[in-house]
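# Summary of the model geometry
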Amino acid sequence: MASIQEFLKKALELIVSPMGILVFLAALGIATSLSRKHRRAGHRLLLCSSLLFFIFLFTPLAEYLILGLERPYQPLVKPPASFSRIEWIVILAGYGEDHAGFPPTSTLSDHTICNLTEGLRLYHLIPGARIILSGGVLRTGDRPVSAQMADFLEQMGVPAEKLVVEGKSQNTYE
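Described in the following lines is the structure provided in the data block. Predicted model only: the values in this text are computed from it and were never measured.

## Some details on the side chain of Ser146
- Mapped onto the secondary structure, Ser146 falls in helix 7 (residues 145-155).
- The buried category is assigned to Ser146, whose relative accessible area is 0%.
- A polar contact of 3.0 Å, which involves the side chain of Ser146, links it to the backbone oxygen of Glu166.
- Non-local contacts of Ser146, meaning those with residues more than four positions away in its chain, are made with Leu133, Ser134, Gly135, Val165, Glu166 and Gly167.

## Points about helix 6 (residues 110-125)
- With 16 residues, helix 6 extends 23 Å between its outermost C-alpha atoms, agreeing within 8% with the 22 Å of an ideal straight helix rising 1.5 Å per residue.
- Thr112, Ile113, Leu116, Gly119, Leu120, Leu122 and Tyr123 are the residues of helix 6 that are buried.
- Tucked into the core, helix 6 has its buried residues touching strand 1 (88-92), helix 5 (104-107), strand 2 (130-134) and helix 7.

## Regarding the pairing of strand 3 (residues 163-166)
- For strand 2 and strand 3, the ladder comprises four bridges, and the chain directions are parallel. When the sheet's bridge partners are listed, Ser134 is paired in strand 3 with Glu166.
- Handedness of the crossover joining strand 2 and strand 3 through helix 7: right-handed.

## Quick look at the packing of helix 2 (residues 18-33) against helix 3 (residues 39-57)
- Packing of helix 2 against helix 3 leaves a shortest axis separation of 7 Å and a crossing angle of 155°. In this view, helix 2 runs roughly antiparallel relative to helix 3, as classed from their interaxial angle. The chirality of how helix 2 crosses helix 3 is left-handed. For the pair helix 2 and helix 3, the contacting residues are Met19, Leu22, Leu25, Ala26, Leu28, Gly29, Ile30, Thr32 and Ser33 in the first and Arg39, Ala41, Gly42, His43, Leu45, Leu46, Ser49, Leu52, Phe53 and Phe56 in the second.
- Looking at the contact of helix 2 with helix 3, its residues break down into twelve nonpolar, six polar and one charged.

## A look at the pattern of salt bridges
- Enumeration over the complete set of coordinates arrives at two salt bridges.
- For Glu118, the salt bridge is made with Arg121, and the minimal N-O distance between the two is 2.6 Å. With Glu118 and Arg121 both in helix 6, this residue pair falls three residues apart, about one helical turn.
- Glu118 gets classed as partly exposed once you look at its relative accessible area, which sits at 33%.
- Among the ionic pairs, Asp151 bridges to Arg143, the shortest N-O distance being 2.6 Å.

## A closer look at the environment of Gly167
- Within the secondary structure layout, Gly167 lies in the segment after strand 3.
- Residue classification places Gly167 among the partly exposed residues on the basis of a relative accessible area of 22%.
- In this structure the C-alpha to C-alpha distance between Gly167 and Gly136, which are 31 residues apart in sequence, comes to 4.3 Å.
- Look past the residues within four positions of Gly167 in its chain and what remains in contact with it is Gly135, Gly136, Val137, Pro144 and Ser146.

Thresholds, definitions, all that
Counting restarts for each chain: residues are numbered from 1 in the order of the written sequence. Confidence filtering applies because this is a predicted model: local features only for residues at pLDDT of at least 70, side-chain atom pairs given and counted only at 80 or more, and all residues used for totals across whole chains, interfaces and linings. Hydrogen atoms and water are omitted, and side-chain values are computed over all heavy atoms in the structure. For helices the rule is a DSSP run of H or I covering at least 4 residues; for strands it is a run of E covering at least 2, with both sets numbered from the N terminus onward. Here the term buried applies to any residue with accessible area under 20% of the maximum for its type, exposed to any over 50%, and partly exposed to those in between, with areas from a 1.4 Å probe on protein chains only. Residues adjacent in sequence count toward polar contacts only when both atoms are side-chain atoms; beyond that, a polar contact is any pair of N or O atoms within 3.5 Å, and within protein one must be able to donate a hydrogen and the other to accept it. Every residue pair with non-hydrogen atoms within 4.5 Å of one another is taken to be in contact. Multiplying one less than the number of residues by 1.5 Å gives the expected span of a helix. The pairing criterion for strands is at least two bridges between them, as found by DSSP. Look down the strands so they point away from you; if going from the first strand over the helix to the second traces a clockwise path, that crossover is right-handed. Helix axes are fitted to C-alpha atoms over the stretch in contact, other axes to C-alpha atoms as well, and angles between N-to-C directions run from 0 to 180 degrees. In this scheme, roughly parallel covers angles under 35 degrees and roughly antiparallel covers those over 145, while 65 to 115 is roughly perpendicular and the rest are oblique. Take the far helix as the reference: if the near one is turned anticlockwise from it by less than a right angle, the crossing is left-handed, and if turned clockwise, right-handed. For this scheme, ten residues count as nonpolar: Ala, Val, Leu, Ile, Met, Phe, Trp, Tyr, Cys and Pro. Four count as charged, namely Asp, Glu, Lys and Arg, and the remainder, Gly too, count as polar. We define a salt bridge as a contact between a side-chain nitrogen of Lys or Arg and a carboxyl oxygen of Asp or Glu at a distance within 4 Å.

Laid out in structure tokens, this is it:
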């Protein structure tokens, strides 16, 4: 039952994602361009999907679209006095592969290391705070990414007792 729900969830995420919509438009364009009656509409759909693909691929536009989400949350450069009540810093995982004998810096993605570095900076700014590391198993047989993140922070001098490892989540919502 859980695997069917997981499959449906992933399928829905794929369908409503920008790339899923573009693939759908392209497939619809190909299918309609094969019929004589709707060939012109099919070519227009193909052109539309191609143009949208290149627009979304263009980095400045993507940065501009994300800016609206990030602008309300300015980075914490120096915490005010009221931040003494902060007890937890949550760091979300990006990607990581568990390779025995390799240092965490070569098994974690750049995005994950960037998140860890910012969390480490906040840890030093906010005395007494503990860190929650969130990230599940990405490949069968690997340790959770959060455990790999804990290895990184421990090597950076954060005591293990200051870390809480949550290794079951598969996405940001979980």
